Amino acid sequence: FALMGGPITQLRAAEKKAGDSEVVLSPECWALLAPHCDGAVDADGFARLRSVRKSAHSRMWKEAQAEATAVSRDASMLWLERSAAVAARLGAEAEEALHAAFAGTLLPGYQRASTQMFEQLHAAFTSGTERVTSALSAEVSPVTTQLAATAEPLASIEARLGQLLADVQAAASSAAAASTAAEEAAQSAAAAAASAA
């Protein structure tokens, strides 16, 4: 809320005229307090308060208290009446304005922010995946090259081993045949010797 009106205007004017440790009263305030106070009035009607008469303290306090109570009661009633009237008039309009602001400003802004966030996440994920793939390719490529280079010598060794195995099998077959032939010859010689005897 804002404080405004005649008393506030008087307060500002009096404040400009007051020095350190001085109480300056507006002409309207001085008209009410002059019978109970001593002060010096300047050309504009503002009064610098010098003292308050002791006999007036209690009476002034009671009057001020009563007036303050009445003003407070009137202000409270006025505030309640004005608040109710303003709330009744602006209730529907404020609700419509709130819905319009939410639908026209807040919701699109949230959607834009969400879209930008997901686009940034997608870009970061894609960039990170590409970096990891590139690093893996750089590490795997030399190994692949080395494997390809060793494949041909391995194939040659495998062919030679196959040839040696075939040669060994052929030699074994020849040796077995020669051994069979020798046994048969020995048996034949033994049979011939037995016949001659």
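Residues numbered from 1 in each chain as written. Predicted model: local features only at pLDDT ≥ 70, side-chain atom pairs only at ≥ 80, totals over all residues. Heavy atoms only, no water.

When glycine is set aside, most residues are seen to have a negative phi, and most peptide bonds are trans. Positive phi, close to 60 degrees, is recorded for Ser21, a residue that is not glycine. Turning to its location among the elements, Ser21 is positioned in the loop between α1 (6-17) and β1 (24-25). (Helix = DSSP H or I, 4+ residues; strand = E, 2+ residues; numbered from the N terminus.)

The next subject is the sheet that holds β1. Strand order in the open sheet formed by three strands is β1-β3-β2, with antiparallel pairing between adjacent strands. The open sheet has two free edges, formed respectively by β1 and β2 (37-41), since each of these has just one partner strand. Summarising the sheet, β2 and strand β3 (residues 47-52) pair through five bridges and their orientation is antiparallel. Its bridge partner lying in β3, Asp38 is registered against Ser51. (Pairing = 2+ DSSP bridges.)

For β1 and β3, the ladder comprises two bridges, and the chain directions are antiparallel. Bridge pairing links Val24 to Arg48 in β3. Connecting the antiparallel pair β2 and β3 is a turn made up of five residues, with Gly45 showing a positive phi of about 95 degrees.

On to a nonpolar patch on the surface, then. A grouping of Leu154, Ile157, Leu161 and Leu164 is seen on the molecular surface, where their side chains present a nonpolar patch of about 410 Å² in accessible area. Here Leu164 shows up in helix α3 (residues 57-196). (Patch = residues over 30% accessible without salt bridge, like charges linked within 9 Å, V, L, I, M, F, W, Y side chains within 5 Å. Areas by Shrake-Rupley, 256 points an atom, 1.4 Å probe, with all protein chains shown as cover. Salt bridge = Lys/Arg side-chain N within 4 Å of Asp/Glu carboxyl O.)

Looking now at the side chain of Ser26. With respect to the secondary-structure elements, Ser26 resides in the loop between β1 and α2 (27-33). Beyond its immediate chain neighbours, meaning those up to four positions away, Ser26 contacts Gln10, Ala14, Gly45 and Phe46. (Contact = heavy atoms within 4.5 Å.)

On to the confidence of the model for the protein chain. Here the protein chain averages 79 in pLDDT, and 87% of its residues register 70 or above. The spread of mean pLDDT over the elements of the protein chain runs between α3, the lowest at 78, and β1, the highest at 90. (pLDDT = per-residue confidence, 0-100.)

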